[in-house]
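Residues per chain are reported as follows:
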Amino acid sequence: MKRLLGILLIVGSTIANHFISSDDLQKVFVRYVKNEASEYDLQIVQDAIAIYWPVSSAPQNQNKRRPGESVDCLICRSAFGALFDLVREGASDQTLIGSVSHLCASLGFVTPRACRGIIELNIPILTYIIKTTPQALPRTFCGLVLQRGDNPSFCPYDDPRFEWTVNLPRRSNRRIKRDSESKNTPLTIAVISEAHIDPLYQPNGVADCNEPTCCRKGQTPRTHTYELTGESLIEDGVTRINNKEMLNLGIATEVRNRTKVKQVDRRNSPPAGFWGDYRNCDTPLWAYDDAIQRVAAAHRNIDLVYYMGDSIDHHVWETTYELINDVNAHVINEMRKEFGNNVLVLPSIGNHESQPTNQFAPNTVRGEKLNTTWLYEGLARKWDFYLSAEAKASVRERGAFAMRVRPGLRVISVNNNVAFKSNWWLVYDPLDAKRHLDWLVRELHKAELAGDKVHILGHIPPGVHDFTYTWTREYNSIVTRFASTIAGEFTGHTHGDEFKIFYSLENGRPISVAWGAGSVTSYTNYNLNYKIATVDPRSFEPTNFVSYIYNLTEANLTPNVRPRWFQLYDLRSAFGLRDLSPASMDALVRRMATERNRHLIGLYSKFLLKMSDRRWPYCNDWCKIDNLCRSVITVLWRREKCDELRRLYWF
């Protein structure tokens, strides 16, 4: 059979279809990395790369193909399979870095410098996991990193280690009368997220560069772009032959023929703005400082600040421990300087805080270039002024903490980055994410027994595609169990200003709301914003949110003048809400989906997109219902509420 397949592959180079299995493609990749590839092998690699680019960059709705393996999934499994073979054959990290960097550069997506930087940072982790984890498989790595929110079959990995449950304590009928402050003044909380500071940001620099993130000193302009014309070829990319998925290399020629290379006219590419840029650029240091100074000056009655994380930039190929430490220190020091010593700042960790980006190892991993304890210990020192001794000890152990911030209210800052799909360490130990949720259960149970209410701070909101299915399901079971204790949830990560409604896994009723913070970065195509939350002093539930923004286009017209911040919305007034209870928010999304003139859903998209010049004018009806759908999905792949809203909206 293998001889026949080999003959078919050779003959296939002269006919329309040319099929290769994942296993055989894996062997070709191995020979390529070992510099043993034949001319024929090199052609196969080039064809696979030609197919991979348009498929991997296609919108998700173009990948809703027949059941079976996707093109990028098959190629990913072959590439990771080759990496496994090479590691087990004894290839050194340096050999792998050199060969994989060369292959990455040949894709043409990014510069050789960016390729090598990303690979140098990640290869030590990948090889460690492959060497020490017999259960690790290529399909698990690929299934996680390629995970889609709308299709559980897109790249399945079927790893039984990822099926687990948290143990929840029984509900107690005992009710403790909790302490409360005598004053009835509502709490005022500033909610800030996503600084994404680039300390090397260059005003009037290159905003349209040849790397994934731009506006940094020393970058060069992009010279050309690639554009695939015509109908999608994804449907033809993988074919089942003799019960095996085969990659159709025959479409590579058609892909090349349809790919237009366009020269970039630099005259039509304005330089980077002073206060930031809508394009793939992070935040100038002075723009972050301006935002914090504005919050402190405009709102003198702030009681608490919730910072939802992601202080570090998106130049993920050249992050360093020193840069991360310096930026993390600046973020918290600027807040203390502006808010003073009497305002408590409570942070959570973002996925960009680690080195390399997204990588959060279990605390048992201590090796150099592997562990995350350096980050946790550093943040415990930087946050020292604000945290109790017990909270600091918890940060050092897991990057999370719980603390009673006033009578009747506890804040639990979770490190949910451990369950992020781009965290390679999930393959090493899937149960590490469970241990973090077990800790959350213990802290919630303590609060329940004490009669306290809880605000949960977590960088990434659950439900769309960023977390594993099991984590989202179990987190929802925790929210269901402790709904009477959880008074509010606060998230970041998406950069949009959105909310998520949790529904009871027992009876389907709305039970909690997670409030997104937005961002004090313009990355990508957003205006900066912050939010002021008003919180009931007894129930500790949010009673209103007011969001403030400035228009980046306007701000950049006058670089010597500070941006003009203005109120974007008052949530209750804008939507005519009596309160912000889960039931009220659930009723609101249904009104948005059923209202004939579609004013409310348009208003929600306007607020979510923060009136961005690059997003808001282009958000059509499909965009609006997609935005609304995300508000009711908190368990990965459970889209019943979303589908219901779509039916109401379109019919």
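The residue count restarts for each chain, going from 1 along the sequence in the order it is written. Side-chain atom pairs in this predicted model are given and counted only at pLDDT of 80 or more, local residue features only at pLDDT of at least 70, and totals for whole chains, interfaces and linings cover all residues. Remark: hydrogens and water are excluded; side-chain values derive from all non-hydrogen atoms of the structure.

**Details of the state of the cysteines**
Turning to step 1, where the next piece is worked out: Disulfides are defined in this document as cysteine sulfur pairs within 2.5 Å. One pass over the full model with this rule turns up seven disulfides.
Turning to step 2, where the next piece is worked out: A sulfur-sulfur distance of 2.0 Å marks the disulfide that ties Cys 73 to Cys 155. Across the S-S bond of Cys 73 and Cys 155 the torsion is about 70°, and the bridge reads as right-handed. With a gap of 82 residues between them, Cys 73 in helix H4 (residues 71–88) and Cys 155 in the loop between helix H7 (138–145) and strand S2 (187–192) connect regions that are remote in the sequence.
Turning to step 3, where the next piece is worked out: Each residue is placed in one exposure class: buried if its accessible area under a 1.4 Å probe, protein chains only, is under 20% of its type's maximum, exposed if it is over 50%, and partly exposed if it falls in between. Looking at Cys 73, the relative accessible area reads 0%, which means it is buried. The numbering of helices and of strands both runs from the N terminus, where a helix is a DSSP run of H or I of at least 4 residues and a strand a run of E of at least 2.

**Some points on the side chain of Lys 500**
Turning to step 1, where the next piece is worked out: Relative to the elements of secondary structure, Lys 500 occurs in strand S13 (residues 499–503).
Turning to step 2, where the next piece is worked out: Throughout this description, a polar contact denotes any pair of N or O atoms lying within 3.5 Å of each other; where both atoms belong to protein, one of them has to be capable of donating a hydrogen while the other can accept it, and for residues adjacent in sequence the pair is counted only when both atoms sit in side chains. Among the polar contacts made by the side chain of Lys 500, one reaches the main-chain carbonyl oxygen of Pro 462 at a distance of 3.4 Å.
Turning to step 3, where the next piece is worked out: Residues contacting Lys 500, with those up to four places away along its chain left out, are Pro 461, Pro 462, Val 464, Ser 512, Val 513, Ala 514, Arg 630, Ser 631, Ile 633 and Thr 634. Any pair of residues with heavy atoms lying within 4.5 Å of one another is described as a contacting pair.

**Thoughts on the packing of helix H20 (residues 621–630) against helix H21 (residues 640–650)**
Turning to step 1, where the next piece is worked out: For helices, the axis comes from a line fit to the C-alpha atoms of the stretch in contact; other axes are also lines fit to C-alpha atoms, and the angle between any two N-to-C directions lies between 0 and 180 degrees. Between H20 and H21, whose axes approach to 9 Å, the crossing angle comes to 145°. Once H20 is placed against H21, the crossing between them reads as right-handed. In this structure, H20 contributes Asp 621, Trp 622, Lys 624, Ile 625, Asp 626, Leu 628 and Cys 629 to the contact, and H21 contributes Cys 642, Leu 645, Arg 646, Tyr 649 and Trp 650. For a crossing to be left-handed, the near helix must be turned anticlockwise from the far one by less than a right angle; the clockwise case is right-handed.

**Observations concerning unusual backbone geometry**
Turning to step 1, where the next piece is worked out: In this structure, the amide linkage connecting Gln 355 to the following residue, Pro 356, adopts the cis form with an omega of -5°.
Turning to step 2, where the next piece is worked out: Summarising the element assignment, Pro 356 is placed in the loop between strand S8 (344–347) and helix H11 (373–382).
Turning to step 3, where the next piece is worked out: For the bond from Tyr 523 to Thr 524, the omega torsion is -15°, close enough to zero to count as cis.
Turning to step 4, where the next piece is worked out: Looking at where Thr 524 falls in the secondary structure, it is placed in the loop between strand S14 (510–516) and strand S15 (529–535).
Turning to step 5, where the next piece is worked out: The backbone of Phe 540 sits at a positive phi, close to 60°, despite the residue not being glycine.
Turning to step 6, where the next piece is worked out: Positionally, Phe 540 belongs in the loop between S15 and strand S16 (542–549).
Turning to step 7, where the next piece is worked out: We classify Phe 540 as buried; its relative accessible area is 2%.
Turning to step 8, where the next piece is worked out: The phi torsion at Trp 637 lies on the positive side, around 75°, for a residue other than glycine.
Turning to step 9, where the next piece is worked out: Structurally, Trp 637 can be placed in the loop between H20 and H21.

**Brief notes about helix H14 (residues 431–450)**
Turning to step 1, where the next piece is worked out: The end-to-end C-alpha distance of H14, which contains 20 residues, comes to 29 Å, matching closely the 28 Å that a straight helix rising 1.5 Å per residue would cover.
Turning to step 2, where the next piece is worked out: Among the residues making up H14, those that are buried are Asp 432, Ala 433, Lys 434, His 436, Leu 437, Trp 439, Leu 440, Val 441, Glu 443, Leu 444, Ala 447 and Glu 448.
Turning to step 3, where the next piece is worked out: Within two residues after H14, Gly 451 carries a phi angle of roughly 80°, on the positive side. Each residue after the first adds 1.5 Å to the expected span of a helix.

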